[in-house]
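One letter stands for each residue in the lines below.
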Amino acid sequence: MLQLNASVNFYMFHGGTNFGYTNGAMSKVPGRYNVRVTSYDYNAPLTESGDTTEKYFAIRDVMSKYVELPSDPVPPNSPKWKSTVDIQMKTRISLFDNLEQFSKCVERKLPSLMEHFNQSEGFILYQLQWSGPLHNISLYGVHDRATVFVDRQKIGSINRMQSLNGSLILPIDLVNQLNVRPDKGYTISILVENLGRVNHGSYMAVDFKGINCMVLLDGKNVNLEGWTVCPLPLDSVQPALQNMANLRYPPSGSPFTPSIFCGSFRKLNGDDTFLDPRGWEKGIAYLNEVNLGRYWPTE
C-alpha cells in the first residue's frame, strides 16, 4: 500500500481512557449485550499515557522506507510516579447502612427504572421486606448486573452479558434460618448496576436501566409489593466523607455488603501514575472527586 502511495488509517493510534461511567456498550441483536472497557488502549502504538511502544517503532521503520521522516528525535517516555508505601484504606462506609447519604429512596412498585428518576448512570437499589420461607429468587429483564442479598447475605449475581433473566438458589443454611422463623421479616436487596449504555445502533432507544420486567420469589410475582427504590448515581462520594460523624456502621459480625473504602496519599511531583486494581473485586475508583472508572477482575 505504501508503495502505491495509498493512505493508511490506524484505529487506535493513541490509546485513551473514558473516565467515569462513559465506557459504553454494544447490542447489535436483541438479547445480546457487551460492555466496552473504560480503557481504549486497544494495543495502540502509543499508550494511554502517550508512551511509545515496540509497535510504534516497527511502524516507523516501515514508513521510513517510503517517506522521509522528521529528523527530530522521538521524545522519551514520561517518568512514572510510584508510591513507596502501601496506601491504607482506613475508612469503610457501608452503603446499605447509610443510604440517606447517597440517595432519596421512595416507595414504588416495579418495574421502576433509572429513567424514572432522570438518572443516567450508576446504580439503583431495590429493597423489599418479606417473611416466610424462601428458596429461589428469579429476576427478569436485568439491565445490566444485579447482585442479590437476603438479610445482608450475598446470594449471587445475574449479569446481562450472560443472560437477561436468571434464578438464584438460596444456600441451604439460610433457607433453614428462614424456615425456623416464618413470622420474622427479612430484607431482600437487589443492587443493579448500569454497566454502560448502548452507544450506537437501533437498540440505543430501548436500553432502560434497572429491572425491566419482574421479580419472582419462589415463582410468585412480587412486582406490586411495597418496594423501596433508591437511585444511586454515585457521581461522587465526597458528601458522605464530609459527614463522617453521622455515618452508621454495620452490626458486629454481619456479612460483608457493598462498601466504600477510603484512603489517602501524598504525591509531590507531576509525574504520571496509575492505579493497579489487581487482586480487588469489582468496583469503581475515585480520586478526590473524580470518578476514574470501573475495575473488574479478568480471568
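Treat the numbers as computed from the prediction; the structure is a model and nothing was measured. (Residues numbered from 1 in each chain as written. Predicted model: local features only at pLDDT ≥ 70, side-chain atom pairs only at ≥ 80, totals over all residues. Heavy atoms only, no water.)

To continue, consider the sheet that holds strand 13 (residues 227-232). Pairing is antiparallel in the open sheet, where six strands are placed in the order 4-13-5-10-7-8. A strand with exactly one partner marks an edge of an open sheet, and here the two such strands are strand 4 (106-108) and strand 8 (153-159). With strand direction ignored, the average angle separating the axes of adjacent strands in the sheet is 25°. Across five bridges, strand 5 (residues 123-131) lies against strand 13 in antiparallel orientation. (Pairing = 2+ DSSP bridges. Helix = DSSP H or I, 4+ residues; strand = E, 2+ residues; numbered from the N terminus. Axes fitted to C-alpha atoms, helices over the stretch in contact; angles between N-to-C directions.)

Below, the discussion takes up the confidence of the model for the protein chain. Across the protein chain, the average pLDDT comes to 89, with 98% of residues at or above 70. No element of the protein chain has a lower mean pLDDT than helix 3 (residues 238-241), at 78, and none a higher one than strand 13, at 97. (pLDDT = per-residue confidence, 0-100.)

Quick look at the pattern of salt bridges now. Tallied over the entire structure, the rule returns eleven salt bridges. In this structure, Arg248 engages Glu100 in a salt bridge whose closest nitrogen and oxygen atoms are separated by 2.9 Å. Within this pair, whereas Arg248 is found in the loop between helix 3 and strand 14 (259-263), its partner Glu100 is found in the loop between strand 3 (89-94) and strand 4, the two being separated by 148 residues in sequence. Since its relative accessible area comes to 46%, Arg248 is described here as partly exposed. Residue Arg160 is joined to Asp207 by a salt bridge in which the shortest nitrogen-to-oxygen separation is 2.8 Å. Of this pair, Arg160 sits in the loop between strand 8 and strand 9 (166-169) while Asp207 sits in the loop between strand 10 (185-193) and strand 11 (210-217), and the two are 47 residues apart along the sequence. Across the pair, Asp207 and Arg160 agree in class, each one buried. Three or more residues joined by partner-sharing salt bridges are found here, namely Asp144, Arg160, Asp207 and Lys209. (Salt bridge = Lys/Arg side-chain N within 4 Å of Asp/Glu carboxyl O. Buried < 20%, exposed > 50% of the residue type's maximum accessible area, 1.4 Å probe, protein only.)

Tracing the backbone through its elements, the reader meets Gln127 in strand 5. A relative accessible area of 15% means that Gln127 is categorised as buried. At 2.9 Å, the side chain of Gln127 and the side chain of Ser189 are in polar contact. In this structure, Gln127 is in contact with Leu99, Thr187, Ile188, Ser189, Gly226, Trp227 and Thr228, ignoring residues within four places of it in sequence. (Polar contact = N/O pair within 3.5 Å; in protein donor to acceptor, adjacent residues only side chain to side chain. Contact = heavy atoms within 4.5 Å.)

Turning our attention to helix 2 (residues 172-179). Of the positions making up helix 2, those classed as buried are Leu174, Val175 and Leu178. Projected down its long axis, helix 2 shows its buried positions confined to an angular sector of 105°, all on one face. On its buried face, helix 2 sits against strand 7 (145-150), strand 8 and strand 10. (Arc of directions from axis to C-beta.)

Turning to the state of the cysteines, a few remarks are in order. This model, assessed by the stated rule, comprises one disulfide. The side chain of Cys105 participates in a disulfide bridge whose partner is Cys230; the two sulfur atoms lie 2.1 Å from each other. Given an S-S torsion of about 110°, the disulfide between Cys105 and Cys230 has right-handed geometry. Taken together, the residues span a long stretch of sequence, with Cys105 in the loop between strand 3 and strand 4 and Cys230 in strand 13 at a distance of 125 residues. A residue is classified by how much of its surface remains accessible, and Cys105, at 35% relative accessible area, is partly exposed. No disulfide involves Cys262; its nearest neighbouring cysteine sulfur is the one of Cys105, lying 20 Å away. (Disulfide = S-S within 2.5 Å.)

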